[in-house]
Amino acid sequence: MQKSLLSRYYTTPEFLAREQSQIFAREWFCAGREEDLPTPGNHAVLEIAKESILVVCAPQGQLKAHYNVCRHRGSRLCEPAQDPQSPDARWDVTLPAAITANSIRCPYHQWTYNLDGELLGAPFLKDSADFRKEDFSLHPVAIDTWAGFFFLKLEKSDNEKTQPTLQSQLGPAVTRTQRYPLHDLRTAHAINYDVAANWKLILENYNECYHCGGVHPELCEVVPDFKQAGGSNLNWDDGIPHRPGAYTFTKSGTTTRAPFPGLNENEQVRHKGELCFPNLMLSLACDHVAAFVLWPQAPDRTRIVCRFLFHPSEIDKPNFNPMDAVEFWDLVNRQDWAICERVQQGIRSRVHKFGYYAPMEDPSLDIRNYIQSRLGPLPE
Ligand SMILES: [Fe+2]
């Protein structure tokens, strides 16, 4: 039996603020799919670690990311679509559209940047000794891609030489998933969940199957190993077998969709999973992938974007229907979110100083180790 992190690390704004500055602002953070922004000028406004970040598709089709802050007077350049908290929405005004296929214009004094963030022009200002356009580029954010996902890194590490690459941060997940055509997959359905639980509880829950027998009866029908011995003998490297005749995460355990091209024999009939710290959870079946991106909102609130990814050759079929996978996942997801919310409610109690991980929950220890490695030794 190992101690969990202290309960207050899941409940207090102070601890979330530490995580924001020491994890979410410093690590590569999964923020979306490349397929979301296919055309120059397509953009997304994303909030990470209390910062607003603008991700744009630049003219050559590559993604760029900038702090969503004008270099002139600091105005926010773009508002997230339909955000009722945005100043424009609150005052019931419409400020001029800011982004075109080749420029970003600040709505305040109309300073205009190209999509790479370089200042193109500022009305009535000419280049001079104290105004050189190249000194006024938007503050950049590092962006990189893997498996069709894009990741952002807000802060550079102090030492340029030890700058962690996305690949080094992802580690063995890259080779473990190499036969899955993740880059080619497309989102056929997505569900946004607003879960009243700390983001770490959701990761911990994802990392163990001790709870599966009690919480997920339907899932255990399809994957009986999940309830054997508290899920302690699961071999995730080779994949988890389904019940005889079943090979995917649907209610029947079967589907009309073909397996992804390139999978090995095990992967065609077994289930795999990956947790890519800090905020991407991948669940890999032979014909679809469920991808969960976590967006911590408050100590006790996490927004989860759950996408269902399929191969384009299946999506393009006239009778394509993703709902056998979607409906099964939605059931399992809602069971997980409900139990995570129960934990969040319980650990608020003054009597609960910390919890325990039983031996079959060992992978959950990863979260304790991960948090401590990023935040330094924590009082116990
Ligand atoms: Fe679960």
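Every value quoted in this text rests on a predicted model; they were computed, and no experiment measured them. (Residues numbered from 1 in each chain as written. Predicted model: local features only at pLDDT ≥ 70, side-chain atom pairs only at ≥ 80, totals over all residues. Heavy atoms only, no water.)

*Asks:* Describe the pairing of strand β17 (residues 354-357), listing the residues and the values that go with them.
*Replies:* What you see with β17 is a clean split: Gly355 and Tyr357 sit on the buried side and Phe354 and Tyr356 on the side with no burial. In the sheet, strand β1 (residues 2-6) pairs with β17 via 3 bridges, with the strands oriented antiparallel. Directly across from Lys3, in β17, lies its bridge partner Tyr356. (Buried < 20%, exposed > 50% of the residue type's maximum accessible area, 1.4 Å probe, protein only. Helix = DSSP H or I, 4+ residues; strand = E, 2+ residues; numbered from the N terminus. Pairing = 2+ DSSP bridges.)

*Asks:* Help me get a handle on the pattern of salt bridges, residues and values and all.
*Replies:* If you walk through the whole model with that rule in mind, you get 17 salt bridges. With a shortest N-O distance of 3.1 Å, Arg301 and Asp194 are connected by a salt bridge. Of the two residues, Arg301 sits in strand β16 (residues 301-310) while Asp194 sits in strand β11 (residues 186-195), which places them 107 residues apart along the sequence. Accessibility expressed as a relative area gives 34% for Arg301, which makes it partly exposed. The exposed category is assigned to Asp194, whose relative accessible area is 51%. Each of Arg132, Glu134 and Asp135 takes part in a single network of salt bridges with overlapping partners. (Salt bridge = Lys/Arg side-chain N within 4 Å of Asp/Glu carboxyl O.)

*Asks:* Can you lay out the coordination of the iron ion for me, pointing to particular residues and giving the numbers?
*Replies:* Listed as protein donors to the iron ion are His211 (NE2), His216 (NE2), Asp336 (OD) and Asp336 (OD); their distances from the metal cover 1.9 to 2.7 Å. Classification of the site at the iron ion rests on its 4 donor atoms, whose angles at the metal span 53 to 151°, yielding the label irregular. Donor residues for the iron ion, ordered by position in the chain, follow H-x4-H-x119-D. Separated by 125 residues along the polypeptide, His211 in the loop between α5 (199-206) and α6 (212-215) and Asp336 in helix α9 (residues 323-347) bring together distant segments of the chain. (Donors = N, O, S within 2.8 Å, 3.2 Å for Na, K, Ca; no water. Tetrahedral: all angles 85-135°; square planar, octahedral: opposite > 155°, others 65-115°.)

*Asks:* Residue-level account of the environment of Pro217, with values.
*Replies:* Following the sequence through the fold, Pro217 ends up in helix α7 (residues 217-222). Taking the relative accessible area as the measure of exposure, Pro217 reaches 43% and is therefore partly exposed. As a C-alpha pair, Pro217 and Ala291 span 74 residues in sequence and 22 Å in three-dimensional space. Not counting the four nearest positions on each side in its chain, Pro217 is found in contact with Cys212 and Gln335. (Contact = heavy atoms within 4.5 Å.)

*Asks:* Can you break down the sheet that holds strand β2 (residues 29-33) residue by residue, with the values?
*Replies:* Pairing between the strands of a sheet is mediated by backbone hydrogen bonds and can be parallel or antiparallel. The 6 strands lie next to each other as β2-β10-β9-β5-β4-β3, forming an open sheet whose pairing is antiparallel. Each edge of the open sheet carries a strand with a single partner, namely β2 and β3 (43-48). Looking at each pair of strands side by side, their axes are set apart by 30° on average, direction ignored. Direction of pairing for β2 relative to strand β10 (residues 149-153): antiparallel, over a ladder of 4 bridges. Directly across from Gly32, in β10, lies its bridge partner Phe150. (Axes fitted to C-alpha atoms, helices over the stretch in contact; angles between N-to-C directions.)

*Asks:* I'd love a proper account of the pairing of strand β13 (residues 270-276), names of residues and values included.
*Replies:* Within β13, 5 of the 7 residues are buried, which leaves it mostly tucked inside the rest of the structure. Across 2 bridges, the pairing between strand β12 (residues 240-241) and β13 is antiparallel. Looking at the pairing, Ile240 lines up with His271 of β13. Once β13 ends, the chain turns through 3 residues before running back antiparallel as strand β14 (residues 280-284).

*Asks:* Account for α5, with residues named and values stated.
*Replies:* The element α5 is largely enclosed, with a buried count of 7 among its 8 residues. Buried within α5 we find Trp199, Lys200, Leu201, Ile202, Leu203, Glu204 and Asn205. Capping of α5 at its N-terminal end is provided by Asn198; its side-chain oxygen lies 2.9 Å from the backbone amide nitrogen of Lys200. (Polar contact = N/O pair within 3.5 Å; in protein donor to acceptor, adjacent residues only side chain to side chain.)

*Asks:* Account for helix α10 (residues 365-375), with residues named and values stated.
*Replies:* Of the residues making up α10, those classed as buried are Leu365, Ile367, Arg368, Tyr370, Ile371 and Leu375. Here the buried face of α10 lies against β1, α1 (13-24), α5 and β17. Looking at the residues trailing α10, positive phi occurs at Gly376, about 85°.

*Asks:* Which residues make up the sheet that holds β16, and what values go with them?
*Replies:* Pairing is antiparallel across the open sheet formed by 6 strands, whose spatial order is β11-β16-β15-β14-β13-β12. Two strands in the sheet have a free side with no partner beyond their single neighbour: β11 and β12. Bridge analysis of strand β15 (residues 289-298) against β16 gives 9 bridges, and the strand direction is antiparallel. Bridging across to β16, Val293 finds its partner in Val305.

*Asks:* Go over the packing of α5 against α9 with me, naming the residues and quoting the values.
*Replies:* Where α5 contacts α9, the axes come no closer than 10 Å and their chain directions differ by 125°. If you check the angle between α5 and α9, you find them oblique. For α5 against α9, the interelement crossing comes out right-handed. Across from Leu201, Ile202 and Asn205 in α5, the residues of α9 making contact are Asp336, Trp337, Ile339, Cys340, Val343, Gln344 and Ile347. For the contact of α5 with α9, a count of residues per class yields 7 nonpolar, 2 polar and 1 charged. (Parallel < 35°, antiparallel > 145°, perpendicular 65-115°, else oblique. Left-handed = near helix turned anticlockwise from the far one by under 90°. Nonpolar A, V, L, I, M, F, W, Y, C, P; charged D, E, K, R; others polar.)

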